[in-house]
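Secondary and tertiary structure notes
Residue strings, one per chain:
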Amino acid sequence: MTVVIPGGRDVRGTLDIPEGANKNDRFERLVVACPPHPQDGGTRSDQRLTAVSDALCEAGIACLRFDYGGWDEGRGEQEDAKNAVEWARERADQVGLFGFSFGATMALCAAGDIEGLWSVCALAPDRGEGESDAVAALDGIDDPVEILYAERDTTADWEPVVERARDLDIAVEGLSADHFFLGQAEKVAVRVVAFFEGN
């Protein structure tokens, strides 16, 4: 089901719902999934996002995968994530945030400005910079967070994020993979869903 996210930017998403659910239902739990970098071709159809969404739906959890509006150096993209969470909150009792790569950075940065999230899971986050600094954002998140990083990741600047997360006693797990988790999307999705179900 394609949806339009209000907020002044052209943001569209796909709402995936568990089997047997109705799109007009109020959901118990819903996870908003942030895609990787749009300038690198990142969209809501990213294979890691779709694998996580499929696994969430199998666990009875709805998922909203969205595309960012026009490129805005990370500022607008954070707003897109926040607006997607607000949209989800009108339709679910508990709302979580998930993101991969740039999307993980956006999820962490947005979560720092949102109170009462169910949980936040960041897969292969990049540190980011300026107003999109994931390391600084970690200090402002009061909800359960997990950082999943790829041990052979040479694409993202993930080490400062993991180091700060450990300083804050945030759950951190290294996975034997490169940044793109090639051939491991389903395995990663199982790990992500386990985190959400555990909170």
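Above this text is the structure in question.
Figured I'd write up the structure that's included with this text. Position numbers for residues count from 1 along each chain, tracking the sequence in the order it is written. Under the rules for a predicted model, residues below a pLDDT of 70 receive no local features and side-chain atom pairs below 80 are neither given nor counted, while totals for whole chains, interfaces and linings still include all residues. Side-chain calculation: all heavy atoms of the structure are included, whereas hydrogens and water are not.

Quick look at the pattern of salt bridges
Put simply, the rule reads: Should a side-chain nitrogen of Lys or Arg be within 4 Å of a carboxyl oxygen of Asp or Glu, the pair is scored as a salt bridge. For every residue, the accessible area (1.4 Å probe, protein chains only) is compared with the maximum for its type, and the residue is labelled buried under 20%, exposed over 50%, or partly exposed between those bounds. The secondary structure listing takes helices from DSSP runs of H or I that are at least 4 residues long and strands from runs of E that are at least 2 residues long, numbered from the N terminus.
Counted according to the given criterion, the structure contains 17 salt bridges. The shortest N-O distance in the salt bridge between Arg 127 and Asp 133 comes to 3.6 Å. Given the relative accessible area of 18%, Asp 133 is considered buried. A salt bridge links Arg 164 to Asp 167; the shortest N-O distance between them is 3.8 Å. Residue Arg 164 and its partner Asp 167 are located together in helix H5 (residues 159–167), separated by three residues, close to a single helical turn. Under the relative-accessibility criterion, Asp 167 is labelled exposed at 53%. Here the salt bridges do not stand alone but share partners, grouping Arg 9, Glu 77 and Asp 80 into one network.

A closer look at the layout of surface pockets
Empty space among the atoms becomes apparent when a probe as large as a water molecule is rolled across them. The following threshold applies: A pocket here means an open set of points on a 1 Å grid, computed over the protein atoms alone, that has protein on both sides within 12 Å along at least five of seven lines. A cavity is instead a set of points where a 1.4 Å probe fits but cannot get out; residues with an atom within 4 Å of a point line either one. Grid points are joined across faces, edges and corners, and a volume is the space filled by probe spheres set on the points. Amino acids are sorted into nonpolar (Ala, Val, Leu, Ile, Met, Phe, Trp, Tyr, Cys and Pro), charged (Asp, Glu, Lys and Arg) and polar (every other residue, Gly among them).
Size it by volume and the largest pocket reaches roughly 440 Å³. Along the walls of the largest pocket sit 24 residues, with His 37, Asp 40, Ser 101, Phe 102 and Asp 126 positioned nearest its centre. Taken together, the residues that form the lining of the largest pocket break down as six nonpolar, ten polar and eight charged.

Brief notes about the packing of helix H2 (residues 75–89) against helix H3 (residues 102–111)
Worth spelling out the cut-off: Each axis is a line fitted through C-alpha atoms, taken for helices only over the stretch in contact, and angles between the N-to-C directions span 0 to 180 degrees. Each angle gets one of four labels, with under 35 degrees taken as roughly parallel, over 145 as roughly antiparallel, 65 to 115 as roughly perpendicular, and the rest as oblique. By definition, turning the near helix anticlockwise from the far helix through less than a right angle yields a left-handed crossing, and turning it clockwise yields a right-handed one. We call two residues in contact when some of their heavy atoms are within 4.5 Å.
The N-to-C vectors of H2 and H3 enclose an angle of 70°; their axes lie 9 Å apart at closest approach. Here H2 is positioned roughly perpendicular relative to H3, judged by the angle of their axes. For H2 against H3, the interelement crossing comes out right-handed. For the pair formed by H2 and H3, the contact residues are Glu 77, Gln 78, Ala 81 and Lys 82 on the first element and Phe 102, Met 106, Cys 109 and Ala 110 on the second. Looking at side-chain class alone, the contact of H2 with H3 contains five nonpolar, one polar and two charged residues.

Concerning the sheet that holds strand S3 (residues 27–34)
Sheet strands associate in pairs through backbone hydrogen bonding, adopting either a parallel or an antiparallel arrangement. Using the following cut-off: A strand pair is defined by DSSP finding two or more bridges across the two strands.
Ordered in space as S1-S2-S4-S3-S5-S6-S7-S8, the eight strands form an open sheet in which the pairing is mixed. The open sheet has two edge strands with one neighbour each: strand S1 (2–5) and strand S8 (171–175). Looking at each pair of strands side by side, their axes are set apart by 25° on average, direction ignored. Looking at chain direction, strand S2 (residues 11–16) and strand S4 (residues 62–67) are connected through five bridges and run antiparallel. Pairing of Leu 15 across the sheet is with Leu 64, part of S4.

Brief notes about the packing of aromatic side chains
The criterion, for reference: Two rings belonging to Phe, Tyr or Trp (six-membered ring only in the last case) form a pair when the distance between their centres is within 6.5 Å. Interplanar angles under 30 degrees mark stacking, angles over 60 mark edge-to-face geometry, and anything in between is tilted.
Here the structure, examined in full by the defined rule, presents seven aromatic pairs. Summarising the aromatic geometry, the rings of Trp 71 and Phe 102 are spaced 5.8 Å apart at their centres and angled 50° between planes, so their arrangement reads as tilted. Here Trp 71 is found in the loop between S4 and H2, whereas its partner Phe 102 is found in helix H3, with 31 residues between them in sequence. Classification of Trp 71 by relative accessible area gives partly exposed; the value is 31%. Take Phe 102: its relative accessible area is 12%, and that puts it in the buried class. Plain terms: the ring middles of Tyr 149 and Trp 158 are 4.5 Å apart, the flat faces sit at 20° to each other, and that makes the pair stacked. A connected cluster of aromatic rings, assembled from ring pairs, spans Phe 66, Tyr 68, Trp 71 and Phe 102.

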